[in-house]
Amino acid sequence: MSTKPAHPLSRKFASYPRLNPLGIGREISAADLVEQTLLAYNGGRLREAALLLARKMLPKEGFIGMSLTGALTPAGLGKSCIIPLMKAGFVDWVVSTGANLYHDLHFGLDMALHAGSPFLDDVVLHDEGVIRIYDVLFDYNVLLDTDAFVREVIQGPEFQRTMGTDEFHYLLGKYVHARGRKLGLRDSSVLATAYECGIPIFTSSPGDSSIGMNVAAMALRGSTLQFDINRDVNQTAGIVYHAKSTGHTSSVLIFGGGSPKNFMLQTEPQIQEVMGIQEKGHDYFLQCTDARPDTGGLSGATPAEAVSWGKVDPEKLPDSVVCYTDSTLSLPLLTAYVLSRVKPRRQKRLYDHRDAILETVRGKYLATGTVSKIKTSRKLAKRASSVGIKR
């Protein structure tokens, strides 16, 4: 009998499966394509993202916050991906650019957008009244008609007050939903679907879109609609605190980066650093982006950097995934994967409980927070000197 020890390579690679894929067949599903053929480089990261979403973020009624940047809805990703995820119960709350919500209205109002080319003459397009978003084309009247719809809706009495952007989008979604029913549309608008499902949608920069521009214009006509940004900051923090304090996980599903990414992630520093409430950070971090981390921008900031801010639980950092790819590639594949591999979940309808959620975190803050410097539970980092440290 041989007493020679096992080959050292067998131990070295014990945790890593052999890279030996099967050939792609004619009948392979999108989910099998992700699992069986995306094995390395950013394909490998996309596979890890799909597994993280399906096996850790979604189970046990975990809370999923989705942030959206980039022109996703004009590319049709609202209808093809975001709405199916919402209706399956896989998205609980959203932070989006206002532009994505504005262009979502085109679909909800049955206006035509067209697959075009990025190589057209923009001077000719301007003369012909055609708008271009890279290779998406639509008539200038789409903007004018959408603007008119927004203005007509927000002149109503229920809009003549200060409100959070989640309430504003809920009310706007109600009118889009009603218009869609008259037009015979179904599952055509993210805003209308969020209204149906009770999913709160926030905008971190409400003035930075055509929706905000029309709200501003109506103010010149005497409209008293104002956005309560303080409510948004505390409401989003309240959602995360509600998740963690009720024994659920809090996950962030980030497409792109920018302001919506930070607005979603800052919920944890708001809870810990500002409110002085004991917490450890979001449990799971999944981002699809083309932004580099070395420029210092928030879009490319890694989950490891987020740990230093208290945004992500350091114990869960190994589970974080960043896939460097275009959202127009990753979002459809991730959507197909989880819809195939995970059963639909019960809708949490967080919008219906928004006042109670806010009151809970408000009560906790008033009980534990201070106006003076917060006494944090984080260990004091090692310093080069003892200056500023009380003995």
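Refer to the structure above for everything that follows.
It should be emphasised that the depicted structure is a prediction, and the values quoted were computed from it without experimental measurement.

**Student:** Before we move on, can you summarise helix α3 (residues 41-57) with the specific residues and values?
**Tutor:** With 17 residues, α3 should cover 24 Å at 1.5 Å per step; its first-to-last C-alpha distance of 22 Å lies within 8% of that length. Listed as buried for α3 are Gly44, Leu46, Ala49, Ala50, Leu51, Leu52, Leu53, Ala54 and Met57. Those residues of α3 that are buried are in contact with α2 (30-37), β1 (63-68), β9 (250-255), β10 (284-289), β11 (321-324) and α15 (327-341).

**Student:** Lay out the side chain of Ser251 with the relevant residues and their values.
**Tutor:** Position of Ser251 among the secondary structure elements: in strand β9. Ignoring sequence-local partners within four residues, the contact set of Ser251 consists of Met57, Phe63, Ile64, Gly65 and Tyr284.

**Student:** Mind laying out the packing of aromatic side chains, listing which residues take part and the relevant values?
**Tutor:** All chains considered together, the criterion is met by six aromatic pairs. Centroid distance Tyr170 to Tyr351: 4.0 Å. Interplanar angle 10°. Geometry classified as stacked. Of this pair, Tyr170 sits in helix α8 (residues 165-183) while Tyr351 sits in the loop between α15 and α16 (354-368), and the two are 181 residues apart along the sequence. Using a relative accessible area of 21% as the deciding quantity, one classes Tyr170 as partly exposed.

**Student:** Account for the pairing of β11, with residues named and values stated.
**Tutor:** In this sheet, β11 lies alongside β10 in parallel orientation, the contact comprising four bridges. Its bridge partner being in β11, Leu286 is matched across the sheet by Val321. Chirality of the crossover, the property in question, places the unit of β10, helix α14 (residues 303-308) and β11 among those that are right-handed.

**Student:** Any details on the sheet that holds strand β5 (residues 136-139)? Residues and values, ideally.
**Tutor:** The strand order across the open sheet built from three strands is β3-β5-β4, with neighbouring strands paired in antiparallel fashion. Both outer strands of the open sheet, β3 (114-115) and β4 (130-133), are each paired with one neighbouring strand and no more. Relative to β5, β4 runs antiparallel, the two sharing four bridges. Opposite Val130, over in β5, you have Asp139 as the bridge partner.

**Student:** Provide a residue-level description of unusual backbone geometry, including the pertinent values.
**Tutor:** Its identity as a non-glycine residue notwithstanding, Asp110 has a phi of 60°, on the positive side. Tracing the backbone through its elements, the reader meets Asp110 in the loop between α5 (98-108) and β3. Despite not being glycine, Asp187 has its phi angle at roughly 50°, a positive value. Position of Asp187 among the secondary structure elements: in the loop between α8 and α9 (190-197).

**Student:** How would you summarise the nonpolar core if you had to cite specific residues and measurements?
**Tutor:** Counting residues in hydrophobic clusters, the biggest one holds 71 residues, and the most contacted among them are Met86, Phe168, Phe255, Leu286 and Val338. The biggest single contributor to this core is α3, with eight residues. For Val338, the residues in contact, after removing those within four places along its chain, are Leu53, Ala54, Leu58, Leu85 and Phe90. Of all hydrophobic cores here, the second largest spans 27 residues; its members include Phe63, Val233, Val240 and Phe285.

**Student:** Lay out the sheet that holds β1 in plain terms, naming residues and giving numbers.
**Tutor:** The six strands lie next to each other as β7-β2-β1-β9-β10-β11, forming an open sheet whose pairing is parallel. Each of the sheet's edge strands pairs with one partner strand only, and the pair in question is β7 (201-202) and β11. Judged from the four bridges that link them, β1 and strand β2 (residues 93-96) form a sheet pairing that is parallel. Counted as the bridge partner of Gly65 is Trp93 from β2.

**Student:** Residue-level account of α9, with values.
**Tutor:** Counting buried positions along α9 gives six out of eight residues, so the element sits mostly inside the fold. Within the sequence span of α9, burial applies to Val190, Leu191, Ala192, Thr193, Ala194 and Cys197. Residue Ser189 occupies the N-cap position of α9, its side-chain oxygen lying 3.2 Å from the main-chain nitrogen of Leu191. Positive backbone phi, at 70°, marks Gly198, one or two positions downstream of α9.

**Student:** Lay out the environment of Ala304 in plain terms, naming residues and giving numbers.
**Tutor:** Following the sequence through the fold, Ala304 ends up in helix α14. In the structure, Ala304 is positioned 29 residues away from Leu333 in sequence and 25 Å away in space, judged by C-alpha atoms.

Calculation notes
- Residues numbered from 1 in each chain as written.
- Predicted model: local features only at pLDDT ≥ 70, side-chain atom pairs only at ≥ 80, totals over all residues.
- Heavy atoms only, no water.
- Helix = DSSP H or I, 4+ residues; strand = E, 2+ residues; numbered from the N terminus.
- Expected span 1.5 Å × (residues − 1).
- Buried < 20%, exposed > 50% of the residue type's maximum accessible area, 1.4 Å probe, protein only.
- Contact = heavy atoms within 4.5 Å.
- Phe/Tyr/Trp six-rings, centres within 6.5 Å; stacked < 30°, edge-to-face > 60°.
- Pairing = 2+ DSSP bridges.
- Right-handed = clockwise from strand over helix to strand, strands pointing away.
- Core = buried A, V, L, I, M, F, W, Y, C linked by side-chain atoms within 4.5 Å.
- Polar contact = N/O pair within 3.5 Å; in protein donor to acceptor, adjacent residues only side chain to side chain.

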